[in-house]
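Given next are the chains, with one letter for each unit.
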Amino acid sequence: MTRGIGRWALLLALAGASPVWAQRANFTWDIPKTVSVVDVPGQVDANGVPVKLRAVRSKEKAQIILQSVVDRWLSWGFVVPEAYKQPQLLREPMVTAVDTRNFISYTAILQVNPDSTTTVFLGEANLGAAKAPQPAGLPVFPGSSRVLTAETEGSRTVSYSVKGKTVAEVEGFYREAFTKAGFKEIQPRVFKSATEEVSLNLSVTKEGPVAVRLVRRATAPDDGLTPGE
């Protein structure tokens, strides 16, 4: 999946939703002119909230898809914040709604492809099943905000934004931190120890802050690298 995955807007932290779910049919997505659908196996644990993900490719224009998604949410009685209240954490258009009866947050992120199709990343955050998030064991730049941790099988991710700093400053912070921790930079912004690999992704959002995403994965032991080397 692309960099869009893992930055879902988790608006609420509620519990005890299970008794309500049985009273209503499950919401279904309906993306116009769908070409293909890719479901992400299992679920992502985002800040302690289980999230189901899928990607849909459509021949329809992004603006029409966006309006279709919002109209469908409204027809289901979901709470859809006004446009100016919608969090925009990415360059791509992003919209979120909340089903307050079932305590589920829905998010759609739209990415226009070079072939004029649109990929729609869809997330369903089960707010009623939230639990205390587990730390990912990754350093976070001082003064950061909107910190989001996510866990999937075999990897952990930390995403956040930081204001008033340049990409070079953030990159330098991580290069120093990982070097002190015994990692080697095997490729630009890719750091490896004897048993782990961390990739660093940096970009500037529309609002100006630097968007940071770290992905930590376990790797097979490497005889050429030992901890602290």
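The written sequence of each chain sets the order in which its residues are numbered from 1. Local features in this predicted model are restricted to residues of pLDDT 70 or higher, and side-chain atom pairs are both shown and tallied only at a pLDDT of 80 or more, whereas totals for entire chains, interfaces and linings draw on every residue. The side-chain quantities take in all heavy atoms of the structure and omit both hydrogens and water.

1. Topic: the side chain of Thr107
- To qualify as a helix, a DSSP run of H or I must reach at least 4 residues; to qualify as a strand, a run of E must reach at least 2; elements of each kind are numbered from the N terminus. Note on placement: Thr107 falls in strand E5 (residues 104-112).
- Reaching out from Thr107, the side chain makes a polar contact with the side chain of Thr96 at a distance of 3.1 Å. Any pair of nitrogen or oxygen atoms within 3.5 Å is treated as a polar contact; in protein, a donor-acceptor pairing is required on top of that, and neighbouring residues in sequence qualify only through side-chain atoms on both sides.

2. Digging into empty space enclosed by the protein
- As defined here, a cavity is a set of points on a 1 Å grid over the protein atoms alone where a 1.4 Å probe fits but cannot get out. A pocket is an open set with protein on both sides within 12 Å along at least five of seven lines, and residues line them when an atom is within 4 Å of a point. Grid points are joined across faces, edges and corners, and a volume is the space filled by probe spheres set on the points. Scanning the entire structure with this criterion turns up 2 cavities of 30 Å³ or more.
- Looking at the second largest cavity, its volume works out to about 40 Å³.
- In terms of lining residues, the second largest cavity is bounded by Phe27, Trp29, Asp30, Ile31, Ser68, Val69, Arg72 and Trp73.
- Looking at the lining of the second largest cavity residue by residue, the class counts come to 5 nonpolar, 1 polar and 2 charged. Three residue categories are used. Nonpolar comprises Ala, Val, Leu, Ile, Met, Phe, Trp, Tyr, Cys and Pro, charged comprises Asp, Glu, Lys and Arg, and polar comprises the others, including Gly.

3. Some remarks on the confidence of the model for the protein
- Note on scores: pLDDT gives the predictor's confidence for each residue, bounded by 0 and 100. On average, residues of the protein score 78 in pLDDT, and 73% of them reach the 70 mark or higher.
- By the convention used here, residues are in contact when the closest approach between their heavy atoms is within 4.5 Å. Predicted confidence is poor over residues 1-24, with pLDDT under 50, and the contacts of this stretch with residues over four places away or in other chains come to 64 contacts.
- Taken together, the stretch residues 223-229 has pLDDT below 50 and engages in 10 contacts with residues farther than four places along the chain or on a different chain.

4. Thoughts on the pattern of salt bridges
- Salt bridge, as applied in this entry: a Lys or Arg side-chain nitrogen positioned within 4 Å of an Asp or Glu carboxyl oxygen. By the definition in use, this model includes 7 salt bridges.
- Measuring nitrogen to oxygen at the nearest pair gives 2.7 Å for the salt bridge that ties Arg175 to Glu185. Separated by 10 residues along the polypeptide, Arg175 in helix H3 (residues 167-180) and Glu185 in strand E9 (residues 184-187) bring together distant segments of the chain.
- Relative accessibility thresholds used throughout: buried, under 20% of the residue-type maximum; exposed, over 50%; partly exposed, between the two (1.4 Å probe, protein chains only). Overall, Arg175 belongs to the partly exposed group, its relative accessible area being 31%.
- Look at the salt bridges and you will find they share partners, linking Glu171, Arg175, Glu185 and Arg189 into a network.

5. Quick look at the packing of aromatic side chains
- Pairing of aromatic side chains here covers Phe, Tyr and the six-membered ring of Trp, requires ring centres within 6.5 Å, and sorts the geometry by plane angle: under 30 degrees stacked, over 60 edge-to-face, intermediate tilted. Scanning all chains against the criterion turns up 13 aromatic pairs.
- Ring geometry for Phe27 versus Trp76: centroids 5.1 Å apart, planes at 80 degrees, classification edge-to-face. Within this pair, whereas Phe27 is found in the loop between helix H1 (18-21) and strand E1 (34-39), its partner Trp76 is found in the loop between helix H2 (62-75) and strand E4 (94-99), the two being separated by 49 residues in sequence.
- Note on Trp76: relative accessible area 22%, which makes it partly exposed.
- Through a chain of ring-to-ring contacts, the aromatic side chains of Phe27, Trp29, Trp73, Trp76, Phe78 and Tyr106 assemble into a single cluster.

6. Describing the pairing of strand E12 (residues 210-218)
- With respect to burial, E12 is a largely interior element, 7 of its 9 residues being buried.
- Pairing between two strands is assigned when DSSP locates at least 2 bridges connecting them. As paired strands, strand E8 (residues 155-162) and E12 are joined by 8 bridges and run antiparallel to one another. By the bridge assignment, Thr157 is partnered in E12 with Val215.

7. Quick look at H2
- With 14 residues, H2 ought to run about 20 Å at 1.5 Å a step, and its terminal C-alpha atoms sit 20 Å apart, in line with that.
- Those residues of H2 that sit buried are Ala62, Ile65, Leu66, Val69, Val70 and Trp73. One face of H2 carries all of its buried residues, which in axial projection span an arc of 130 degrees. Residues of H2 that are exposed and point more than 90 degrees away from the buried face comprise Gln63 and Ser75.
- Structurally, H2 contributes buried residues whose contacts are with strand E3 (49-58), E4, E5 and strand E6 (118-126). By this rule the span expected of a helix is its residue count minus one, scaled by 1.5 Å. It is the directions from the helix axis to the C-beta atoms whose arc is reported.

8. Some thoughts on H3
- Between the first and last C-alpha of H3 there are 20 Å, a value that for 14 residues agrees with the 20 Å anticipated at 1.5 Å per step.
- Buried residues in H3 make contact with E8, strand E10 (190-192), strand E11 (196-204) and E12.

9. Focus: the environment of Ala150
- Looking at where Ala150 falls in the secondary structure, it is placed in strand E7 (residues 145-152).
- Under the relative-accessibility criterion, Ala150 is labelled buried at 10%.
- Taking the C-alpha atoms as reference, Ala150 lies 9.3 Å from Val51; in sequence the two are 99 residues apart.

10. Regarding the nonpolar core
- One finds Trp73 and Ala108 to be the most contacted residues of the largest nonpolar core, which totals 19 residues.
- Looking at this core, the elements that each hand over two or more residues are H2, E4, E5 and E6.
- The dominant element in this core, judged by the number of residues it contributes, is H2, at 6 residues.
- Discounting residues that sit within four places of it in the chain, Trp73 has contacts with Phe27, Trp29, Phe78, Val80, Val95, Thr96, Ala97, Tyr106, Thr107 and Ala108. What we call a nonpolar core is a set of buried Ala, Val, Leu, Ile, Met, Phe, Trp, Tyr and Cys residues that are connected through their side-chain atoms within 4.5 Å.

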